[in-house]
Amino acid sequence: MNPAYINGVWSFSKKQDSFPVFDPATDENLGLVANCTVEDAQSAILAANSAFLQWSKLTPKERASFLHKIKEELLLQQSYIANILSRENGKPLPEAMGEVGFAASFFEWFAEEGRRAYGEHIPAPSVGKQIVTVREPAGVVAVITPWNFPIGMIARKVAALLAAGCTCVVKPAEDTPLTAIAFAKIVEKCGIPNGVFNLIPTSRENAPSIGKLFAESADISVISFTGSTVVGKQLYLMAGSSVKRIALELGGNAPFIVFNQADLALATCVSANRIFVQKEIHDAFVDNFVAETNKLKVGRGHDQGVNVGPIINNRQFERIVDLVYDAVNQGAHVVTGGKALPNLSSQRFYAPTVLTKVTKEMRAFKEEIFGPVAAIIQFQTEEEVLQLANEGNIRLAGYFYTNDLRQAWRVARNLKVGMVGINDSLVSTCEAPFGGVRQSGVGKEGSKHGLDEYTNLKLISFGGL
Ligand code: ADP
């Protein structure tokens, strides 16, 4: 069985319970994993709390040397981890390799950024007084992550919190715990002191009770969650009982807008779900986009040349089938795909699909799809598309393509989101702050701002000098 990692010890759950992990491409059972309960989570919180006393006292430079080691080890084991990741998540191997590299970049970045967790000296209003601020580590952080980036999301949080001087209890997604366990082995190998990093895998059934414990425990200072808006809201509500800081990275469904003035070749190379295309170039865009979509090879993430893997689990698969059905029922047109591919190695493959004539009433417009389905919406004016793109409360990112400078600035400022990409669909990098507004989340990850979630700004005021 694949164990949990609590206080530096590889352990089974106290109840000796376990849950299976499946390869979504083949239904093969990849192994059993310790199914942690509230009791195990409590042990992990206790361990993280006592480890905090020493870890928070190390100098940022000392912590940086541990973080650099993790980065090095991640890169050494890049293909090994990418293999595990691709098996349990289904994504193509090159993407999995890229994700491990992405994870490593956060350790490098925060190793050094932790050394720049500056306070400030503030000019005092009266004689004999000096005012300074210092940044102090917040305490124990509870981390909950999703399946779509099994190591990227853990790394983005754990690198920042370790650099800040915090310790943590990590609950990985039930679909992808093996990647998290491989990461925990790296943490152990790099000599991170016992209790600083704890990993407690759980089944989906156990997740709510652990979430409740994290939210209510006085020994947890911060919750950092990436996942659905529904679960994020529950955690936010519960965290109110202990007035605890909570960082939330929730749903996206980013609009991707292609204006008449866009470079079509550039704009076609995307993997967006909700694509708005201006009338004059709509048909040309759809032709190019469909031609590119039809080139995509669907299959097991491990197989050579595969671009699109299986859908992660049955729940998501059924969502995608329903979503396309709902769109077609309301008048959307399937230009390519629109069906399951039952003859591959499992029942969880869906054909890359392009829908046109999508309207705002359809689920494909309103929900994050998490599958190879592009919903194309035709628009006429900039005002119209801004209104459509700004509908609802999901406000993570927005992307658009144009070569008109004035339009670029105008639209960037008028998209009501946390991040904007102009002629750029890859905005997530360790140097830049990632995060949404409204119901897409609270707080930023990455960049110098990523430390803020895990530190407290303390005021120190000297008098009588
Ligand atoms: P998705 O729909 O992408 O699986 P979820 O928000 O359901 O997104 O899951 C993201 C993470 O949150 C996973 O690790 C999952 O186990 C966990 N989770 C699900 N429900 C709860 C809950 N009630 N409390 C705490 N964590 C939860």
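That block above? That's the structure.
Residues numbered from 1 in each chain as written. Predicted model: local features only at pLDDT ≥ 70, side-chain atom pairs only at ≥ 80, totals over all residues. Heavy atoms only, no water.

Trainee: Explain the side chain of Thr226 here, please?
Mentor: Mapped onto the elements of the fold, Thr226 is located in strand β10 (residues 222-226). By relative accessible area, which is 11% here, Thr226 ends up buried. Polar side-chain contacts of Thr226 include one of 2.8 Å to the side chain of Lys157. Sequence-distant contacts of Thr226, defined by excluding residues within four places in its chain, comprise Ile144, Thr145, Pro146, Met153, Lys157, Glu249 and Glu445. (Helix = DSSP H or I, 4+ residues; strand = E, 2+ residues; numbered from the N terminus. Buried < 20%, exposed > 50% of the residue type's maximum accessible area, 1.4 Å probe, protein only. Polar contact = N/O pair within 3.5 Å; in protein donor to acceptor, adjacent residues only side chain to side chain. Contact = heavy atoms within 4.5 Å.)

Trainee: Where do I start with helix α1 (residues 38-55) in this structure?
Mentor: Look at α1: 25 Å from first C-alpha to last across 18 residues, which is about the 26 Å you get at 1.5 Å a residue. Listed in full, the buried residues belonging to α1 are Asp40, Ala41, Ala44, Ile45, Ala47, Ala48, Ala51, Phe52 and Trp55. (Expected span 1.5 Å × (residues − 1).)

Trainee: Explain the sheet that holds strand β13 (residues 274-278) here, please?
Mentor: Paired through backbone hydrogen bonds, the strands of a sheet run either parallel or antiparallel to each other. Taking strand neighbours across the sheet as the criterion, the 7 strands line up as β14-β15-β16-β13-β12-β18-β19 in an open arrangement whose pairing is mixed. Bordering the open sheet on either side are β14 (333-336) and β19 (419-422), each of which pairs with just one other strand. Averaged over all pairs of adjacent strands, the angle between strand axes in this sheet comes to 25°, irrespective of strand direction. Strand direction decides the pairing type here: strand β12 (residues 255-258) and strand β18 (residues 397-401), joined by 3 bridges, are parallel. Counted as the bridge partner of Val258 is Tyr401 from β18. Here helix α10 (residues 279-294) sits on the sheet in contact with β12, β13, β14, β15 (353-356) and β16 (373-379), set at roughly 140° to β13. (Pairing = 2+ DSSP bridges. Axes fitted to C-alpha atoms, helices over the stretch in contact; angles between N-to-C directions.)

Trainee: Hey, could you run me through the pairing of strand β8 (residues 167-171) in this one?
Mentor: Within a regular strand, side chains alternate between the sheet's two faces. Counting buried positions along β8 yields 5 of 5 residues, so the element is predominantly enclosed. Across the two faces of β8 the burial is the same, with Thr167, Val169 and Lys171 and Cys168 and Val170 all buried. Relative to β8, strand β7 (residues 140-144) is paired through 5 bridges, and the arrangement is parallel. Bridged to Ile144 within β8 is Lys171. Relative to strand β9 (residues 197-199), β8 runs parallel, the two sharing 3 bridges. Bridging across to β9, Val169 finds its partner in Asn198.

Trainee: Explanation requested: the packing of helix α2 (residues 60-76) against helix α6 (residues 177-189) in the structure shown.
Mentor: Packed helices, taken two at a time, are described by their axes: the angle between them and the distance between them. Running from amino to carboxyl end, α2 crosses α6 at an angle of 130°, the nearest separation of the two axes being 9 Å. Relative to α6, the element α2 is oriented oblique. Where α2 crosses over α6, the two elements pack in a sense that is right-handed. Packed against α2, whose contacting residues are Ile70, Glu73 and Leu74, the element α6 presents Phe183, Ile186, Val187 and Lys189 at the interface. (Parallel < 35°, antiparallel > 145°, perpendicular 65-115°, else oblique. Left-handed = near helix turned anticlockwise from the far one by under 90°.)

Trainee: What's the story with the site of the ligand in this structure? I'm lost.
Mentor: Thr145, Lys171, Glu174, Arg204 and Ser228 are the nearest of the 17 residues found near the ligand. Between the ligand and Lys171, the relevant distance is 3.0 Å, taken from an oxygen atom to a side-chain nitrogen or oxygen of the residue. Between the ligand and Ser228, the relevant distance is 2.6 Å, taken from an oxygen atom to a side-chain nitrogen or oxygen of the residue. Alone, the ligand offers 550 Å² of accessible surface; in the complex the protein occludes 92% of this. Elements with a minimum of two residues in the shell around the ligand: α7 (207-216) and α8 (229-239). The element best represented in the shell around the ligand is α7, accounting for 3 residues. Partitioned by chemical class, the residues of the shell around the ligand number 8 nonpolar, 5 polar and 4 charged. (Near = heavy atom within 4 Å. Areas by Shrake-Rupley, 256 points an atom, 1.4 Å probe, with all protein chains shown as cover. Nonpolar A, V, L, I, M, F, W, Y, C, P; charged D, E, K, R; others polar.)

Trainee: When you look at the state of the cysteines in this model, what are you seeing that I'm missing?
Mentor: Cysteine pairs can be linked by a disulfide, which is a covalent bond between their two sulfur atoms. If you walk through the whole model with that rule in mind, you get 0 disulfides. Its sulfur unpaired, Cys168 is 8.9 Å from the next cysteine sulfur, which belongs to Cys166. Look at Cys168 and you get buried, because its relative accessible area is 0%. Left unpaired, Cys190 is separated from the closest cysteine sulfur, that of Cys168, by 14 Å. A relative accessible area of 5% means that Cys190 is categorised as buried. (Disulfide = S-S within 2.5 Å.)

Trainee: For this particular structure, what's the right way to read unusual backbone geometry?
Mentor: Phi is mostly negative for residues that are not glycine, and the peptide bonds are mostly trans. Residues other than glycine seldom take positive phi values, yet Asn7 does so here, at roughly 55°. Within the secondary structure layout, Asn7 lies in the loop between β1 (4-6) and β2 (9-11).

Trainee: How should I be thinking about the sheet that holds strand β22 (residues 455-462) in this particular structure?
Mentor: With antiparallel pairing, the 3 strands of this open sheet are ordered in space as β5-β6-β22. Both outer strands of the open sheet, β5 (120-122) and β22, are each paired with one neighbouring strand and no more. Direction aside, neighbouring strands of the sheet carry axes that sit 25° apart on average. The pairing of β5 with strand β6 (residues 130-137) spans 3 bridges and is classified as antiparallel. Bridging across to β6, Glu120 finds its partner in Thr133.

Trainee: Please clarify how the packing of aromatic side chains should be interpreted in this entry.
Mentor: Applying the stated criterion to the full structure yields 13 aromatic pairs. Look at Tyr5 and Trp10: their rings are 4.5 Å apart centre to centre, the planes differ by 40°, and that puts the pair in the tilted class. Using a relative accessible area of 3% as the deciding quantity, one classes Tyr5 as buried. Ring centres of Phe256 and Tyr401 lie 5.1 Å apart, and the angle between their planes is 35°; on these two criteria the pair is classed as tilted. With a gap of 145 residues between them, Phe256 in strand β12 and Tyr401 in strand β18 connect regions that are remote in the sequence. Overall, the relative accessible area of 1% leaves Phe256 in the buried class. Above the face of the Phe434 ring, Arg156 is positioned so that its terminal group lies 4.1 Å from the ring centre. A cation over an aromatic ring shows up here: Arg274 above the ring of Phe365, its NZ or CZ 4.7 Å from the ring centre. (Phe/Tyr/Trp six-rings, centres within 6.5 Å; stacked < 30°, edge-to-face > 60°. Lys NZ or Arg CZ within 6 Å of the ring centre and 35° of its normal.)

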